[in-house]
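This is what each chain is made of:
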Amino acid sequence: LMPHVQASPILAFSSLLAQDWRLGLIHYSIMGLIFIYVVGYVIFFDSGYQSQSPVVGYTATKVKGSALGDVPGEETALVWDSVDMIVPPIENSALFVSTNIFTTKKQSRGTWVDTSYACDSNNPCTAGNFTEWGLMLGPCVNGTDGSESGCLIQGWGPVEAEFSATPASVLNEVENWTAFIRCSVYFSMYDKRADNIGTELVPNYNLFVIGDMLKDAGTSFEDAAAEGAIISVSIDWTCSFDPWSRACEPEFTFARLDDPSQKFSKGFNFRYANYYYLSKIVPAPAPNTTAPNDTATASAPAPDHVGADFTLESIEYRDLFKVYGIRFVFQITGAGYRFSVVPLFVNIGSGLGLLVIATVITDVIAVYIFPQKRKYHDAKFMEITGSIQRTSGSLEDDEAVYDLDDTNQVSSMHAPDEDSHLLPQ
């Protein structure tokens, strides 16, 4: 006798046709939604029929305008133009416009009193240590006005006074200044170039007003000018180079990056200096004298300035500026698109694969949610033991048809041949 061998289970699939209009409606509705998503959104709205090229570019700016301001540190009100207020004059993808300026004129290297370091018996000036403005020499002395005390330092002076950034010192005319923003981009995959230069100045296309840019960023000149602000300028170049597409033009978006409610280090400011030399009349150095018995030195020729009372000495000076203002940071975004069969066929193939989701969802509803779920389950999962033999013909795919509303129907497969042995459990 042959020993009994336990056969390994094999999972086979058969086709099951459930004749129920409700399941059919669910199935084809899901297929319709998938079709709308693939064709409507992926292919048309999201440009699934086009290839994509990255964009690179640069931004250059020119600002024009003038303003009258009574700047702290200046003796009289001065007229300031864009050359004075745009510091530095050129930046990489950025622009800084000064709106509030404090000056400390004609500083020179020497010994000065630093009143920003409040010294007393408990906080002495230790020689060799440094303050914000120079090297401590040791003494704690009264300030230049006789009321404030400070450390005697070696450095640039007179030391910058304490200024307070208030709207009263703002150069208000800067709000009406204009900025010409020139942006040029290149799409390397298609060898295409685009820019917004044009043939003339066009408002909100290549010419912008400082105040309008701040409004588009959700703030105002009054809120940003006193202590400064950081504004992001996003220039989107999303262009299609198909013949039926519109012209390639940029879209500008403005946003304020810094927090206007910040209490510490609010806004944007920095210092810079202009250096120059001035000649100063000083007493001439005493001529060289030699002892009578120094014959070698006595025979040397006398210097040219012997007998002169004064001479000129060049001294280095600087004008120190602390500026508050609006910093615009430019960012180029976007991409270029053009028709290509490769992404089109890839998206169509992906969409056909998504249609399987309709069958899976319908199957889950029929097995676990549908009122006749038990009958569907029994028909879908059938365990067959023994063997199936056919003496003639071929073994074809079995297909069972079920009417889920007929509760008396017994699930069956295609009738086997007389020699077949089907042993359902």
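Residues numbered from 1 in each chain as written. Predicted model: local features only at pLDDT ≥ 70, side-chain atom pairs only at ≥ 80, totals over all residues. Heavy atoms only, no water.

Draft legend 1. Expanded view of the overall build of the chain. Helix and strand content of the chain: eight helices and 17 strands. In the chain, which comprises 425 residues, the proportion classed as buried is 33%. Looking at the chain alone, contacts between residues at least 24 apart form 77% of all its contacts between residues at least 6 apart. Of the roughly 26900 Å² of accessible surface on the chain, a fraction of 56% belongs to carbon and sulfur atoms. (Helix = DSSP H or I, 4+ residues; strand = E, 2+ residues; numbered from the N terminus. Buried < 20%, exposed > 50% of the residue type's maximum accessible area, 1.4 Å probe, protein only. Contact = heavy atoms within 4.5 Å. Areas by Shrake-Rupley, 256 points an atom, 1.4 Å probe, with all protein chains shown as cover.)

Draft legend 2. Spotlight on the state of the cysteines. Throughout the structure, instances matching the rule amount to three disulfides. Through a disulfide, Cys125 is tied to Cys151; the S-S separation comes to 1.8 Å. Sign of the S-S torsion, about -90° for the bond between Cys125 and Cys151, identifies this disulfide as left-handed. Residue Cys125 is located in the loop between β5 (94-114) and β6 (134-142), and its partner Cys151 is located in strand β7 (residues 149-157); the two are separated by 26 residues in the primary sequence. Taking the relative accessible area as the measure of exposure, Cys151 reaches 0% and is therefore buried. Bridging Cys239 to Cys248, the disulfide has an S-S length of 1.8 Å. For the disulfide bridge between Cys239 and Cys248, the dihedral angle about the S-S bond is near 55°, and by the sign convention the bridge is right-handed. As far as the burial class goes, Cys239 and Cys248 line up, both buried. In the chain, the cysteines engaged in disulfides, taken in order along the sequence, are linked 1-3, 2-4, 5-6. (Disulfide = S-S within 2.5 Å.)

Draft legend 3. Region of the structure containing the side chain of Asp319. Examined against the element boundaries, Asp319 turns out to sit in strand β14 (residues 310-339). A polar contact of 2.8 Å, which involves the side chain of Asp319, links it to the backbone nitrogen of Lys106. Here the side chain of Asp319 touches Tyr276 through a polar contact of 3.0 Å, side chain to side chain. (Polar contact = N/O pair within 3.5 Å; in protein donor to acceptor, adjacent residues only side chain to side chain.)

Draft legend 4. Up close: the layout of surface pockets. The space that makes up the second largest pocket amounts to roughly 320 Å³. Lining the second largest pocket are 19 residues, with Ala60, Thr61, Lys62, Pro89 and Ile90 sitting closest to its centre. Every element with two or more residues in the lining of the second largest pocket is listed here: β2 (50-64), α2 (82-85), β5 and β8 (178-187). The greatest single-element share of the lining of the second largest pocket, amounting to five residues, is contributed by β2. Here the residues of the lining of the second largest pocket are counted per class, giving eleven nonpolar, five polar and three charged. (1 Å grid on protein atoms, 1.4 Å probe; cavity = no way out; pocket = protein on both sides within 12 Å on 5 of 7 lines; lining within 4 Å. Points joined across faces, edges and corners; volume = space filled by probe spheres on them. Nonpolar A, V, L, I, M, F, W, Y, C, P; charged D, E, K, R; others polar.)

Draft legend 5. Inspection of helix α1 (residues 21-45) at higher detail. Every buried residue belonging to α1 is among Leu23, His27, Ile30, Ile34, Val38, Val42 and Ile43, and all of these are buried. One or two residues past the end of α1 sits Ser47, with phi positive at roughly 55°.

Draft legend 6. Seen up close, the environment of Met213. Relative to the elements of secondary structure, Met213 occurs in helix α3 (residues 210-216). Residue Met213 is classed as buried on the basis of its relative accessible area of 1%. In this structure, the C-alpha to C-alpha distance between Met213 and Ala255, residues 42 residues apart in sequence, is 9.0 Å. Not counting residues within four places of it along the chain, the set of residues in contact with Met213 comprises Ile181, Phe208, Val233, Phe254 and Phe328.

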